[in-house]
Amino acid sequence: MTRLGLIAGNGKFPFLVLDAARAQGFEVVVAAIREETFPEIASHGAASVHWLSLGELSKLIDTFKAEGVTRAVMAGQVKHKQIFSSIKPDWRLAKLLLSLGTRNTDSLLGAVAKVLADEGIMLENSTALLEPLLARTGVLTKRAPTAQERKNIEYGRAVARRLVEYDIGQTVVIAEAACVAVEAMEGTDATIERAGQLMRSLELESKSQSASEPSTLSRELTVVKVAKPAQDMRFDVPVIGVKTIETMARAGATCLAVDAGRCLLLDGEAMTRAADDAGIAVCAE
């Protein structure tokens, strides 16, 4: 059987890749990131699971070579803020970090991919085994976006497109064609939560000022998540799931827009059911 390496971050994404790879006849060798990967990966049917720290690039290479892995996939989130954590890089990763002009996702993971390639380990598209889970064009839920939500999406896409040019983040949160929050290192869910907190703080301020009239502007939030203009499908592919919808519902967000064909819907029909139950419109363009 052909061997496939899986560099697993957090979330469900690595489990879906593992299941799909096994279904297609691959023996999967998992490199599980100690700071990120869910422990359940150890009992999910991989040929072998090796735990390593984010800083251990040499160990990753040595592990794959020892297992006969020449093709690998990255799947699952690794929080960008980890580069400022207490993790100690080995000599190979330290050298790589010193060589980078910027430490955004593309430059960092692109450099790791090059190091792996130089060692005979080729990274493949993380979505190659999960094509059916890529968002299809159109409205994905029972409810379509309203006219105001459409305006928010249009404006949000314009803002998000500029954001991803600098590889800062992929998500913006909009209300009444005004930008409420943009994503940086904190991740999509934290960005949505921050937008919800801001809107709740405005409600509290209004209640404390009894003489003031309530705002005539809607405070309902629209979330827009986009891919990069030249999205490298090997890593950092936009991903949404049931957790995204649950976070939106808590924050008071009513609409989600993603890029068709370039965003993974991790939970498939469960995500759209959760959105329908919460009255959230989801569309892909």
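Thresholds applied
- Residues numbered from 1 in each chain as written.
- Predicted model: local features only at pLDDT ≥ 70, side-chain atom pairs only at ≥ 80, totals over all residues.
- Heavy atoms only, no water.
- Helix = DSSP H or I, 4+ residues; strand = E, 2+ residues; numbered from the N terminus.
- Rg over C-alpha atoms; globule rule 2.2 N^0.38 Å.
- Buried < 20%, exposed > 50% of the residue type's maximum accessible area, 1.4 Å probe, protein only.
- Contact = heavy atoms within 4.5 Å.
- Areas by Shrake-Rupley, 256 points an atom, 1.4 Å probe, with all protein chains shown as cover.
- Lys, Arg positive; Asp, Glu negative; His and termini not counted.
- Charge placed at Lys NZ, Arg CZ, Asp CG, Glu CD.
- Polar contact = N/O pair within 3.5 Å; in protein donor to acceptor, adjacent residues only side chain to side chain.
- Salt bridge = Lys/Arg side-chain N within 4 Å of Asp/Glu carboxyl O.
- Axes fitted to C-alpha atoms, helices over the stretch in contact; angles between N-to-C directions.
- Parallel < 35°, antiparallel > 145°, perpendicular 65-115°, else oblique.
- Left-handed = near helix turned anticlockwise from the far one by under 90°.
- Core = buried A, V, L, I, M, F, W, Y, C linked by side-chain atoms within 4.5 Å.
- Nonpolar A, V, L, I, M, F, W, Y, C, P; charged D, E, K, R; others polar.

**Regarding the overall build of the protein chain**
Within the protein chain, the regular secondary structure consists of eight helices and 13 strands. Relative to a compact globule of 285 residues, whose C-alpha radius of gyration would be 19 Å, the protein chain shows 20 Å and is just as compact. Counting every position in the protein chain, which comprises 285 residues, the buried fraction comes to 49%. Counting contacts in the protein chain only where the partners sit at least 6 residues apart, residues at least 24 apart contribute 72% of the total. Entry remark: accessible area of the protein chain is about 13600 Å², with carbon and sulfur atoms responsible for 54%. Mean positive and mean negative side-chain charge positions of the protein chain (33 and 36 charges, respectively) differ by 2 Å.

**Structural notes on the side chain of Arg92**
Relative to the helices and strands, Arg92 resides in helix α3 (residues 91–99). According to the relative accessible area criterion, Arg92 is buried, its value standing at 17%. Within the structure, Arg92 has its side chain in polar contact with the side chain of Glu119 (distance 3.3 Å). Discounting chain neighbours no more than four positions away, the residues touching Arg92 are Leu57, Ser58, Ile61, Val115 and Glu119.

**Side note on the side chain of Glu67**
Relative to the helices and strands, Glu67 is located in the loop between α2 (57–66) and β4 (71–75). A relative accessible area of 19% places Glu67 in the buried class. There is a polar contact of 2.4 Å between the side chain of Glu67 and the side chain of Arg3. Once residues lying within four places of it in the same chain are set aside, the contact partners of Glu67 are Arg3, Val29, Ser48 and His50.

**Observations regarding the pattern of salt bridges**
Under the definition given, this model contains 21 salt bridges. Two residues, Lys65 and Glu119, come together in a salt bridge whose shortest N-O distance is 2.5 Å. Placement of Lys65 in helix α2 and of Glu119 in the loop between α4 (105–118) and β5 (122–123) is noted, with a sequence separation of 54 residues between them. Exposure remark for Lys65: the relative accessible area of 44% places this residue in the partly exposed category. Among the ionic pairs, Glu124 bridges to Arg71, the shortest N-O distance being 2.5 Å. Within this pair, whereas Glu124 is found in the loop between β5 and β6 (138–139), its partner Arg71 is found in strand β4, the two being separated by 53 residues in sequence. On the basis of relative accessible area, Glu124 is assigned to the partly exposed category, the value being 24%. Judged by its relative accessible area of 29%, Arg71 is partly exposed. Taken together, the shared-partner salt bridges connect Arg150, Arg157, Arg161, Asp259, Arg262 and Glu285 into one network.

**Some words on the packing of α2 against α4**
In contact at an axis separation of 11 Å, α2 and α4 are set at 40° when each is read in the N-to-C sense. Between α2 and α4, the crossing angle belongs to the class labelled oblique. The crossing of α2 and α4 is right-handed. Taking contact as the criterion, the partners of Leu57, Leu60 and Ile61 in α2 are, on α4, Val112, Val115 and Leu116.

**Observations regarding the environment of Gly196**
Note that Gly196 resides in helix α6 (residues 188–208). For the pair Gly196 and Val173, spaced 23 residues apart in sequence, the C-alpha separation works out to 9.4 Å. Not counting residues up to four positions away in its chain, the partners in contact with Gly196 are Leu221 and Ala251.

**Description of the nonpolar core**
One finds Leu221, Ile245, Met248, Leu256 and Val282 to be the most contacted residues of the largest nonpolar core, which totals 28 residues. Where this core is concerned, the elements lending two or more residues are β7 (171–175), β8 (178–182), α6, β9 (221–225), α7 (242–251), β11 (253–258), α8 (269–278) and β13 (281–284). For this core, the element with the most residues is α7, which contributes four residues. Residues Ile33, Leu52, Ala111 and Ile121 belong to the second largest nonpolar core, which totals 25 residues.

**Observations concerning the packing of α3 against α4**
Between α3 and α4, the least distance of the axes is 10 Å, while the angle of their chain directions is 130°. Classed by the angle they form, the pair α3 and α4 counts as oblique. The two elements α3 and α4 cross, and the hand of that crossing is right-handed. Together, Arg92, Leu96 and Leu97 of α3 and Leu108, Ala111, Val112 and Val115 of α4 make up the contact between the two elements. Per-class residue counts for the contact of α3 with α4 are six nonpolar, no polar and one charged.

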